[in-house]
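# Observations on the model geometry
Residues per chain are reported as follows:
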Amino acid sequence: MAEPLLEFNGVAYAWPDGRSVFADLSFRIEAGEKVVLLGPNGAGKSTLLRLVNGLLQPTQGTIAWQGCMLTKELLRQRDFARRFRQDNVLLFQHPEAMLFNPTVREEIAYGPRQLGLPDGDQRVARWAAELGLSALLDEAPFALSGGQKQKVALACLLVLDPSFLALDEPSASLDPATVGWLIDTLLESGRTVLVSTHNLSLAAELGERALILNGEGRLCYDGPLTAALQDLELLQAAGLAHRHRHRHGGQAHAHLHVHDWESS
Ligand SMILES: Nc1ncnc2c1ncn2[C@@H]1O[C@H](COP(=O)(O)OP(=O)(O)OP(=O)(O)O)[C@@H](O)[C@H]1O
Ligand SMILES: [Mg+2]
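As annotated in an unreviewed UniProt entry, the chain carries the name ABC transporter ATP-binding protein and comes from Azonexus hydrophilus.

Further remarks concern the coordination of the magnesium ion (ligand 2). Binding of the magnesium ion (ligand 2) to the protein goes through S46 (OG) and Q93 (OE1), at separations of 2.1 to 2.3 Å. With S46 in helix α1 (residues 45-52) and Q93 in the loop between β6 (88-91) and α4 (104-114), this residue pair connects regions lying 47 residues apart in the sequence. For S46, a relative accessible area of 23% translates into the label partly exposed. Overall, Q93 belongs to the partly exposed group, its relative accessible area being 30%.

This brings us to the UniProt feature "domain: ABC transporter" (unreviewed entry) in the chain. According to UniProt, the "domain: ABC transporter" (unreviewed entry) feature falls on residues 6-241. Helix and strand shares over residues 6-241 are 38% and 24% respectively, and the end C-alpha atoms of the span are 29 Å apart.

As a matter of local geometry, ligand 1 sits amid 14 residues, with W15, G42, K45, T47 and H198 nearest to it. One of the backbone nitrogen or oxygen atoms of G44 is found 2.9 Å away from an oxygen atom of ligand 1. Q93 places a polar side-chain atom, nitrogen or oxygen, 3.0 Å from an oxygen atom of ligand 1. Protein burial of ligand 1: of its 640 Å² of free accessible surface, 66% is covered by the chains. Ranked by the residues each element gives to the shell around ligand 1, the list is headed by α1, at 3 residues.

Within the open sheet, the 6 strands sit side by side as β6-β7-β8-β3-β9-β10. Their pairing is mixed. Of all the strands in the sheet, the pair left with one neighbour each is β6 and β10 (219-224). Ignoring which end each strand starts from, the neighbouring axes of this sheet average 15° apart. Those strands touched by helix α6 (residues 146-158) are β6 and β7 (164-168), and its axis lies near 180° from that of β6.

Strand order across the open sheet formed by 4 strands is β2-β1-β4-β5, with antiparallel pairing between neighbours. At either margin of the open sheet sits one strand with a lone partner, and together these are β2 (20-29) and β5 (68-69). As judged from the 2 bridges shared by strand β4 (residues 60-65) and β5, these two strands associate in the antiparallel manner. From the neighbouring strand, A64 faces β5, where its bridge partner is M69.

The next subject is the packing of aromatic side chains. Enumeration according to the criterion identifies 6 aromatic pairs in this entry. Plain terms: the ring middles of F8 and F27 are 4.5 Å apart, the flat faces sit at 25° to each other, and that makes the pair stacked. One end of the pair, F8, is in strand β1 (residues 6-14); the other, F27, is in strand β2, with 19 residues separating them in the sequence. Judged on exposure class, the residue F8 and its partner F27 are both buried. Ring-pair connections join several aromatic residues into one group, and the members of that group are W65, F80, F84 and F164.

Thresholds, definitions, all that
Residues numbered from 1 in each chain as written. Chains lettered and ligands numbered in written order. Predicted model: local features only at pLDDT ≥ 70, side-chain atom pairs only at ≥ 80, totals over all residues. Heavy atoms only, no water. Donors = N, O, S within 2.8 Å, 3.2 Å for Na, K, Ca; no water. Helix = DSSP H or I, 4+ residues; strand = E, 2+ residues; numbered from the N terminus. Buried < 20%, exposed > 50% of the residue type's maximum accessible area, 1.4 Å probe, protein only. UniProt positions renumbered as here; feature names shortened; annotations may be inferred. Near = heavy atom within 4 Å. Polar contact = N/O pair within 3.5 Å; in protein donor to acceptor, adjacent residues only side chain to side chain. Areas by Shrake-Rupley, 256 points an atom, 1.4 Å probe, with all protein chains shown as cover. Pairing = 2+ DSSP bridges. Axes fitted to C-alpha atoms, helices over the stretch in contact; angles between N-to-C directions. Contact = heavy atoms within 4.5 Å. Phe/Tyr/Trp six-rings, centres within 6.5 Å; stacked < 30°, edge-to-face > 60°.

Below, the structure written as structure tokens:
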């Protein structure tokens, strides 16, 4: 059997202050899968995506990328790091951290130039146009709006033509048209995608499989996304749905709510 693209095996992560985020996470992602990562605030979604992207290393267990153990030593090897940084990219939840060039043009061109990719200028022009950034190419990234910054950060990743894309809450600051474009662009591509979101109504459009982290550091679900979204007990147990009381016609009663799902 072919190696999975990504495999977590018994992964635990604790921050240097000793705080444990999760323990014993095991899952695999095959090439081409679109996987949605769900979990309440603080469950560890962003931490998991940083592990996937090699920015953090597990405190226990192993992470394999195309069958190679993602160790600090491997990530320090120039040839591997170069391929890995082009192929496995992460859109941060707060992308300001990624932007440091004086202009949007230089920002988007930075990765291709570092990697010595051909056609840098054409790549920049193409992705700037796709993301509606062409008129902003000479602007300073720091002076853009939050959503515009996120578009620039996304262009910086897509310009590398990665096979794997990790996206941390992309719908939080992008406008609906851009989120729609992103969904179409990603789902129609052969890329493998792992995307975290709190937006349960959008989740159904982002992928076919769900990984759900509960608030106690456990992967409490790995399976079809639509089945998970219909299982209110599961969503409540994972801290994603809320049981609250309210009144209808003077009668108080309680039921489960997944607010953005219900209002869509
Ligand atoms: N740099 C850090 N140092 C120490 N602890 C951290 C650090 N970053 C995050 N944490 C802790 O790790 C845990 C998981 O955080 P993480 O950001 O991965 O959660 P999340 O699921 O992405 O949450 P959200 O939905 O709010 O984005 C939290 O308890 C958080 O306080
Ligand atoms: Mg997060």
